[in-house]
Amino acid sequence: MNGKILDYDFDRHIGVISAADGQRYKFTGGEYKSKSGPPRAGMVVDFDPLEDNVAIGVYPMAGASHAVAGRKDKIVAALLAFFLGGFGIHKFYLGKTGAGITMLLCGTIGWLLILPGFIICIIAFIEFIIYLVKDEQQFQDEYVHGNKAWF
């Protein structure tokens, strides 16, 4: 049966699929059968339904891993970290608002105490390097779709 992943919790490794029959099916990360990256909301998948609305053997459909909305360019994130990292702009770009606000406050008001502003600039430079050397899929999984806000 075909369906679309509605949600996937990376911490608990469980997700929900909205199927073509109008039902919703739960699945675990262990049932997701792909080496091209973890399941993400919006992916079109094929699966076998069981009783109690449980899905097993969840496979992404051809091209589903690249057609997912919400991809961010790691080069853009790296350049933002390098040039505007002291203000946390790269964090806002990646959707990590809490970390962005922390960096913005430390990068502006923090300079009154000197040390917080200096530390934030060092963190931004380290993240610039990390973003550049990370594999594209790993970058997407950790910094865009995952909960990783800091290096």
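The text that follows walks through the structure, step by step, so that each part is easy to find.

What counts and how
Residues numbered from 1 in each chain as written. Predicted model: local features only at pLDDT ≥ 70, side-chain atom pairs only at ≥ 80, totals over all residues. Heavy atoms only, no water. Helix = DSSP H or I, 4+ residues; strand = E, 2+ residues; numbered from the N terminus. Rg over C-alpha atoms; globule rule 2.2 N^0.38 Å. Buried < 20%, exposed > 50% of the residue type's maximum accessible area, 1.4 Å probe, protein only. Contact = heavy atoms within 4.5 Å. Areas by Shrake-Rupley, 256 points an atom, 1.4 Å probe, with all protein chains shown as cover. Core = buried A, V, L, I, M, F, W, Y, C linked by side-chain atoms within 4.5 Å. Salt bridge = Lys/Arg side-chain N within 4 Å of Asp/Glu carboxyl O.

A few points about the overall build of the chain
Looking only at helices and strands, one finds 5 helices and 5 strands in the chain. Starting at the N terminus and ending at the C terminus, the chain contains elements arranged as β-β-β-β-β-α-α-α-α-α. In terms of overall dimensions, the chain is more spread out than a globule: its C-alpha atoms have a radius of gyration of 19 Å, far above the 15 Å expected for 151 residues. Over its C-alpha atoms, taken along the principal directions, the chain stretches across nearly 60 × 25 × 20 Å. For the chain, the proportion of its 151 residues judged to be buried stands at 37%. Within the chain, counting contacts between residues at least 6 apart in sequence, those at least 24 apart form 52% of the total. Here the chain displays about 8400 Å² of accessible surface, and carbon together with sulfur accounts for 64% of that area.

Some details on the nonpolar core
Where a protein is soluble and globular, its nonpolar side chains tend to be buried together. Among the nonpolar cores identified, the biggest contains 12 residues, and these are Ile5, Tyr8, Ile17, Ala19, Tyr25, Phe27, Tyr32, Met43, Val45, Phe47, Ala55 and Val58. Where this core is concerned, the elements lending two or more residues are β1 (2–9), β2 (14–19), β3 (24–28), β4 (44–50) and β5 (54–60). Not counting residues within four places of it along the chain, the set of residues in contact with isoleucine 5 comprises Val16, Ile17, Phe27, Pro39, Arg40, Ala41, Gly42, Met43 and Val45. Judged by nonpolar contacts, the second largest core, of 10 residues, contains Ala77, Ala81, Leu94 and Tyr143.

Some words on the environment of lysine 148
Summarising the element assignment, lysine 148 is placed in the segment after α5 (136–144). Taking relative accessible area as the criterion, lysine 148 reaches 29% and is therefore assigned partly exposed. For the pair formed by lysine 148 and lysine 96, sequence separation is 52 residues and the distance between their alpha carbons is 8.6 Å. When near neighbours in sequence (up to four residues on either side) are disregarded, lysine 148 contacts Lys96, Glu142 and Tyr143.

Some words on the pattern of salt bridges
All told, the structure shown has 4 salt bridges when counted by the stated rule. With a shortest N-O distance of 2.6 Å, lysine 91 and glutamate 127 are connected by a salt bridge. Remark: glutamate 127 occurs in helix α4 (residues 115–133) and lysine 91 occurs in helix α2 (residues 89–93); sequence separation between them is 36 residues. Take lysine 91 and glutamate 127: they sit in the same class, and that class is buried. Taking the shortest distance from any N to any O, the salt bridge between glutamate 142 and lysine 148 comes out at 3.5 Å. Taking the relative accessible area as the measure of exposure, glutamate 142 reaches 21% and is therefore partly exposed.

Quick notes on unusual backbone geometry
Backbone geometry places histidine 13, a non-glycine residue, at a positive phi of 60°. Its place among the elements puts histidine 13 in the loop between β1 and β2. Overall, the relative accessible area of 45% leaves histidine 13 in the partly exposed class. A positive phi angle is found at isoleucine 114, which is not glycine, with a value near 65°. Among the secondary structure elements, isoleucine 114 is positioned in the loop between α3 (97–108) and α4. The exposure class assigned to isoleucine 114 is exposed, which follows from its relative accessible area of 56%.

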